[in-house]
Amino acid sequence: HLGVTPMKVIAPQTYKVFPKLTDSEVRVMLAVNNSKCPLNRIVVSDKNEGAMHALRLIAFKALKKEDRSCRGANFGIYAGPGQGKTHVVKAFAETIEIPCIMIQSDALETTWQLFEEIQKEFTAQGFPLVPQTSPEHFIVPPCIVFFDEAHGLPKQLRTCGLLNAMEYNDGWLAAVPPKGGTAYMIDCMNVCWIGASTDPGLIFSQSEAFHSRLGMHLIWNAAGKEEVARIIRHNHPNMPQVACDLVAHYQQVPRKAISFANQMLLEISMMNCTWEEAAAKIAEVNGIDEYGMPSQQLSILKALGQRPIAKKNLTIHGKCRIEELERIILPPLLDEADNRGSLVGITGKGYAITRAGLKELDKRGIAHKGDPITFEAISD
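Just so it is clear, the structure is predicted and the values come from calculations on it, not from any experiment.

With respect to the overall build of the chain
Okay, step 1: A tally of regular secondary structure across the chain gives 17 helices and 10 strands.
Okay, step 2: Projected onto the principal axes, the alpha-carbon positions of the chain cover approximately 80 × 45 × 40 Å.
Okay, step 3: Put simply, the chain has 380 residues, and 47% of those count as buried.
Okay, step 4: Relative to all contacts within the chain whose residues are 6 or more apart in sequence, the contacts with residues 24 or more apart total 63%.
Okay, step 5: Approximately 18,800 Å² of the chain is accessible, and the part contributed by carbon and sulfur atoms is 54%.
Okay, step 6: Averaging the locations of the 40 positively and 41 negatively charged side chains of the chain gives two centres separated by 2 Å.

A closer look at the sheet that holds strand S5 (residues 172–175)
Okay, step 1: If you trace the three strands from one edge of the open sheet to the other, you get S3-S6-S5, paired in mixed fashion. Each of the sheet's edge strands pairs with one partner strand only, and the pair in question is strand S3 (137–139) and S5. Between one strand axis and the next, the sheet turns through 25° on average, direction left out of account.
Okay, step 2: Note: S5 against strand S6 (residues 184–187), four bridges, orientation antiparallel. If you follow leucine 173 over to S6, its bridge partner there is isoleucine 186.
Okay, step 3: Strands S3, S5 and S6 of the sheet are contacted by helix H4 (residues 111–125), whose axis makes an angle of about 110° with S5.

With respect to the pattern of salt bridges
Okay, step 1: For the structure on display, the rule yields 12 salt bridges.
Okay, step 2: Residue lysine 120 is joined to glutamate 117 by a salt bridge in which the shortest nitrogen-to-oxygen separation is 3.3 Å. With lysine 120 and glutamate 117 both in helix H4 and three residues apart, this pair spans about one turn of that helix.
Okay, step 3: As a salt-bridge pair, aspartate 371 and arginine 355 come within 2.6 Å of each other at their nearest N and O atoms. Pair noted here: aspartate 371 is in the loop between helix H16 (355–363) and helix H17 (375–379) and arginine 355 is in helix H16, with a separation of 16 residues, a long-range link.
Okay, step 4: A relative accessible area of 35% places arginine 355 in the partly exposed class.
Okay, step 5: Several salt bridges share partner residues, and in doing so they unite Asp289, Glu360, Lys363 and Arg364 into one network.

Here's the deal with the nonpolar core
Okay, step 1: Formed by 35 residues in total, the largest nonpolar core has its most connected members in Cys70, Phe92, Ile96, Ile144, Ile194 and Trp220.
Okay, step 2: Broken down by element, this core gets its largest block of residues, eight residues, from helix H2 (residues 49–63).
Okay, step 3: With residues near it in sequence (within four places) discarded, isoleucine 194 still touches Phe75, Ile77, Val89, Phe92, Ile144, Val145, Phe146, Phe147 and Leu214.
Okay, step 4: Within the second largest apolar cluster, 31 residues are counted, among which are Leu162, Met166, Val191 and Phe210.

Remarks on the packing of helix H13 (residues 295–304) against H16
Think of two packed helices as two axes; the pair is described by the angle between the axes and how far apart they sit.
Okay, step 1: Two numbers describe how H13 lies on H16: the axes approach to 10 Å, and their chain directions differ by 110°. The orientation of H13 relative to H16 falls into the category roughly perpendicular. In this structure, H13 contributes Leu298, Leu301 and Lys302 to the contact, and H16 contributes Gly357, Glu360 and Leu361.
Okay, step 2: Considering only residue class, the contact of H13 with H16 consists of three nonpolar, one polar and two charged.

Some words on the packing of H13 against helix H15 (residues 322–334)
Okay, step 1: Close contact between H13 and H15 brings their axes to 10 Å; oriented N to C, the two are set at 75°. Between H13 and H15, the crossing angle belongs to the class labelled roughly perpendicular. Between H13, through Gln296, Gln297 and Ile300, and H15, the contact on the second element is made entirely by Glu324, Leu325, Ile328, Ile329, Pro332 and Leu333.
Okay, step 2: For the contact of H13 with H15, the class distribution of residues is six nonpolar, two polar and one charged.

Remarks on the pairing of strand S1 (residues 75–78)
Okay, step 1: Side chains Phe75 and Ile77 project from S1 onto one buried face, and the interleaved Gly76 and Tyr78 project onto a second face that is buried too.
Okay, step 2: Note: S1 against strand S7 (residues 191–197), four bridges, orientation parallel. Among the inter-strand pairings, glycine 76 is bridged to a residue of S7, identified as glycine 195.
Okay, step 3: Sheet analysis places S1 next to strand S8 (residues 216–219), joined by four bridges and oriented parallel.

Observations concerning unusual backbone geometry
With the exception of glycine, most residues fall at negative phi, and the peptide bonds are largely trans.
Okay, step 1: A positive phi is found at arginine 68, a non-glycine position, where the angle reads about 60°.
Okay, step 2: The residue arginine 68 is located in the loop between H2 and S1 in this model.
Okay, step 3: One non-glycine residue, lysine 319, adopts positive backbone phi at about 50°.
Okay, step 4: With respect to the helices and strands, lysine 319 occurs in the loop between helix H14 (311–318) and H15.
Okay, step 5: Using a relative accessible area of 74% as the deciding quantity, one classes lysine 319 as exposed.

Conventions used here
Residues numbered from 1 in each chain as written. Predicted model: local features only at pLDDT ≥ 70, side-chain atom pairs only at ≥ 80, totals over all residues. Heavy atoms only, no water. Helix = DSSP H or I, 4+ residues; strand = E, 2+ residues; numbered from the N terminus. Buried < 20%, exposed > 50% of the residue type's maximum accessible area, 1.4 Å probe, protein only. Contact = heavy atoms within 4.5 Å. Areas by Shrake-Rupley, 256 points an atom, 1.4 Å probe, with all protein chains shown as cover. Lys, Arg positive; Asp, Glu negative; His and termini not counted. Charge placed at Lys NZ, Arg CZ, Asp CG, Glu CD. Pairing = 2+ DSSP bridges. Axes fitted to C-alpha atoms, helices over the stretch in contact; angles between N-to-C directions. Salt bridge = Lys/Arg side-chain N within 4 Å of Asp/Glu carboxyl O. Core = buried A, V, L, I, M, F, W, Y, C linked by side-chain atoms within 4.5 Å. Parallel < 35°, antiparallel > 145°, perpendicular 65-115°, else oblique. Nonpolar A, V, L, I, M, F, W, Y, C, P; charged D, E, K, R; others polar.

Written as structure tokens, this is what we have:
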């Protein structure tokens, strides 16, 4: 471990120590039929079984250690907005019982701020970080540092500030106090770094080095209607299945579906109506048509039914800013949820409607230019 000359330790760093477990004991803890395992609270589609298995492998190795360190198990997790990336990471951290420091990437400016966030979490856990061989030397006990929307990290952090700390054979974070002076050297060898984003390409294009430090890259596929209904049933055990299915019909994004269900419950309570009536009313209030498509997405699909359109021009049809288009409106149209196929594709001429997208227009009686303007026809 390079960078610090061995010296007398000023104050040993304390951390939580767990009992040593056998392979058999850990297998029982992680078993899919163990209701106490936090990972089993995650609703997993068939497409996400591989990603979940990868998380269980990391957890298996960590649970056998007395300090639960996940050193060297950095990973990125990628999914559309509201698909549960944070929920997955929190459940993973809870499974191995180590602190998880949640970082809003676009709000982080310096490595010193990161050090303060780590210190704050360990102080809350009862294990404050204390100086080691010098007043500026600290050791971070095993934990997870989770960068939500990691592509939003400032360039200086992605290309320089964090790279040494995330490197397996290095692990040192240099943090300079706001008023300047001697840099603090923070030993992060036992930190598991996780980055979440809507697209691995966003991180790779901004910093290949940061992307490589994340090591493993997990794609968390969009939930289908069946998974959304199960998520609603988990959050509202007393809602009948027909109500959960109605929510899933109108909202396919888990986060939005939970909000939709909450609104339905209020509608039922206030209006004393049926579940069908409540769902239809809440859909109307939220600008969602009878087939479950929000008005902005339908406007874009309708425009693409005439010709391919460049991304910047899609904002005109969606009546939105480019950020809203990229992060909220387009992802569900690009996803292949429920094996229906994506409704929109990307071509050299811009965004184009797919044949599955034309079917959506057909069921609504909306006129279009037919197969020649589809993604498939243009791509052939």
